[in-house]
Amino acid sequence: MLTPDLPPGPGFLGSLRFVRRPLECLEACGARWGDWFTLRFPGVPPFVFTSDPAAVREVFTGDPDVLHAGEANRPLAAFMGEHSMLVLDGAAHERERRLLMPPFHGARMRHYATVMREVADRAIDAWPVGRPFPLHAQMQAIAFDVILRAVLGLDGGPHAAPLKDALARLFAYFSSGTPSTPSVGALRHALGATA
């Protein structure tokens, strides 16, 4: 049953596409319903998505005492953990945010910018000239390399290669269209370990 005050969207079966192929689902919904659409899943309130810049700006600059992102993200606690910033509001959210902020100031941010530029320049230098190529995979590779270098500090050393390889397999597993809540055995298999 559709709720009259929510934007339209696919039914339950159409929403299941989001679990297996989230970007493909969001793009298809945007193409069909425009800047606003709703995805519905059993047992949780509907999720309303928007790509309207004014609405996005309003949400991100809105009063945190009124807009409770943690409350809205509560279903994610099963996957992200009870203390994830995504599921916290108020003082608890502020406390966790303060703990995470030091890496995002001053010289650290300038260092990240340098790493991002180096990674992007190296990737772009390897792109083919004069012929089309799939850009999405290249952009994912750049993001992955930036995460490895800037966030995890993997820029060489004896442990970098095996960890980078394991993370690449794990990322490939999650982007392969397999269910988003795999078993430990499935993850071990994706990482090349024996279950």
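This is a predicted model, so every value here is computed, not measured.

Student: What's the story with the packing of helix α1 (residues 12-20) against helix α2 (residues 22-33) in this structure? I'm lost.
Tutor: The axes of two packed helices give the description: the angle between them and the distance between them. At a closest axis distance of 5 Å, the pairing of α1 and α2 adopts a crossing angle of 140°. Considering their axes alone, α1 and α2 lie oblique with respect to each other. Along its contact with α1, which presents G14, R17, F18, V19 and R20, the element α2 presents P22, E24, C25, L26 and A28. Residues of the contact of α1 with α2, tallied by class, amount to six nonpolar, one polar and three charged.

Student: Would you mind showing me how to read a nonpolar patch on the surface here?
Tutor: Together, V56, V59, F60, V66 and L67 give the surface a local cluster of nonpolar side chains, amounting to about 510 Å² of exposed area. Within the secondary structure, V66 sits in the loop between α3 (53-60) and α4 (69-72).

Student: Quick question: what am I supposed to make of the side chain of T38 here?
Tutor: Following the sequence through the fold, T38 ends up in strand β1 (residues 36-39). By relative accessible area, T38 is classed as buried at 0%. At a separation of 2.7 Å, a polar atom in the side chain of T38 contacts the main-chain carbonyl oxygen of P7.

Student: What is the right way to read the packing of helix α7 (residues 106-125) against helix α8 (residues 135-151) from this model?
Tutor: The contact between α7 and α8 brings their axes to 9 Å, and the two run at 140°. What the angle tells us is that α7 and α8 run oblique. Handedness of the α7/α8 crossing: right-handed. Of the residues in α8, those touching α7 at Y112, V115, M116, E118, V119, A120, R122 and A123 are I142, D145, V146, R149 and A150.

Rules used throughout
- Residues numbered from 1 in each chain as written.
- Predicted model: local features only at pLDDT ≥ 70, side-chain atom pairs only at ≥ 80, totals over all residues.
- Heavy atoms only, no water.
- Axes fitted to C-alpha atoms, helices over the stretch in contact; angles between N-to-C directions.
- Helix = DSSP H or I, 4+ residues; strand = E, 2+ residues; numbered from the N terminus.
- Parallel < 35°, antiparallel > 145°, perpendicular 65-115°, else oblique.
- Contact = heavy atoms within 4.5 Å.
- Nonpolar A, V, L, I, M, F, W, Y, C, P; charged D, E, K, R; others polar.
- Patch = residues over 30% accessible without salt bridge, like charges linked within 9 Å, V, L, I, M, F, W, Y side chains within 5 Å.
- Areas by Shrake-Rupley, 256 points an atom, 1.4 Å probe, with all protein chains shown as cover.
- Salt bridge = Lys/Arg side-chain N within 4 Å of Asp/Glu carboxyl O.
- Buried < 20%, exposed > 50% of the residue type's maximum accessible area, 1.4 Å probe, protein only.
- Polar contact = N/O pair within 3.5 Å; in protein donor to acceptor, adjacent residues only side chain to side chain.
- Left-handed = near helix turned anticlockwise from the far one by under 90°.

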